[in-house]
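# Observations on the model geometry
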Amino acid sequence: MKILRPHQTKAIDMLRESLIAKKKRPVLRPATGSGKTLIATKIIANAQAKGKRVLFVVDAVELIDQTVNAFYDEGLHSIGVIQAQHPLTDYSKQLQIASVQTLARRTAPKF
């Protein structure tokens, strides 16, 4: 597992502060190459530790398997994929990965 860099830790801290301040829709928008997927794995791991379900949305179907592999590399293994005929489709998993295109056509489970 990779260790977060200072800017990544700061991004998570700022997001947490925003949620504590009761902001309803905080957005974390780091630049290209800043390690967004790694940041996401840490946020997801924290959410799962609290028993929460997580939906991670990617902007292209082609990114689903790339994201699954990145999450596996960081120790997130119980993953379901919301995509037609994907071998990892399993709505019972606590972590789901879906493309925005697929979600536009389906009713997503509650997260």
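The structure reproduced in this document is the subject of the present report. (Residues numbered from 1 in each chain as written. Predicted model: local features only at pLDDT ≥ 70, side-chain atom pairs only at ≥ 80, totals over all residues. Heavy atoms only, no water.)

Moving on to the sheet that holds strand β2 (residues 79-82). Sheet architecture is open: three strands sit in the order β1-β3-β2, paired in parallel fashion. One side of each edge strand has no neighbouring strand; the edge strands of this open sheet are β1 (54-58) and β2. Across the sheet, the mean angle separating the axes of adjacent strands is 25° when strand polarity is ignored. Here β2 runs beside strand β3 (residues 95-99); their pairing, made up of four bridges, is parallel. Its bridge partner lying in β3, Gly80 is registered against Gln96. Packed onto the sheet, helix α2 (residues 36-49) meets β1 and β3 and runs at close to 160° relative to β1. (Pairing = 2+ DSSP bridges. Helix = DSSP H or I, 4+ residues; strand = E, 2+ residues; numbered from the N terminus. Axes fitted to C-alpha atoms, helices over the stretch in contact; angles between N-to-C directions. Contact = heavy atoms within 4.5 Å.)

The next subject is the side chain of His86. Assignment of secondary structure puts His86 in the loop between β2 and β3. Among the residues examined, His86 registers a relative accessible area of 10% and is labelled buried. In this view, His86 contacts Ile64, Asp65 and Val81; residues no more than four positions away in its chain are not counted. (Buried < 20%, exposed > 50% of the residue type's maximum accessible area, 1.4 Å probe, protein only.)

Per the stated rule, a full pass over the model turns up one aromatic pair. Look at Phe56 and Phe71: their rings are 5.1 Å apart centre to centre, the planes differ by 75°, and that puts the pair in the edge-to-face class. Of this pair, Phe56 sits in strand β1 while Phe71 sits in helix α3 (residues 63-73), placing them 15 residues apart in sequence. Residue classification places Phe71 among the buried residues on the basis of a relative accessible area of 0%. (Phe/Tyr/Trp six-rings, centres within 6.5 Å; stacked < 30°, edge-to-face > 60°.)

With that out of the way, let us pick up the nonpolar core. In this structure, Ile44, Phe56, Phe71, Ile79, Leu95 and Ile97 are the most contacted members of the largest nonpolar core, which totals 14 residues. Breaking this core down by element, the ones donating at least two residues are α2, β1, α3, β2 and β3. Excluding anything up to four places from it in sequence, Ile79 contacts Val68, Phe71, Tyr72, Leu88, Lys93, Leu95 and Ile97. (Core = buried A, V, L, I, M, F, W, Y, C linked by side-chain atoms within 4.5 Å.)

A word on the pairing of β3. Counting buried positions over the five residues of β3 gives five, a clear majority of the element. Burial of β3 is two-sided: the residues Leu95, Ile97 and Ser99 facing one way and the residues Gln96 and Ala98 facing the other way are all buried.

Relative to each other, helix α1 (residues 6-20) and α2 sit at 45°, their axes nearing to 10 Å. Relative to α2, the element α1 is oriented oblique. α2 is crossed by α1, and the crossing has right-handed handedness. Where α1 approaches α2, its residues Gln8, Ala11, Ile12, Leu15 and Arg16 are matched on the opposing element by Leu38, Ile39, Lys42, Ile43 and Asn46. Among the residues making up the contact of α1 with α2, the classes are represented as six nonpolar, two polar and two charged. (Parallel < 35°, antiparallel > 145°, perpendicular 65-115°, else oblique. Left-handed = near helix turned anticlockwise from the far one by under 90°. Nonpolar A, V, L, I, M, F, W, Y, C, P; charged D, E, K, R; others polar.)

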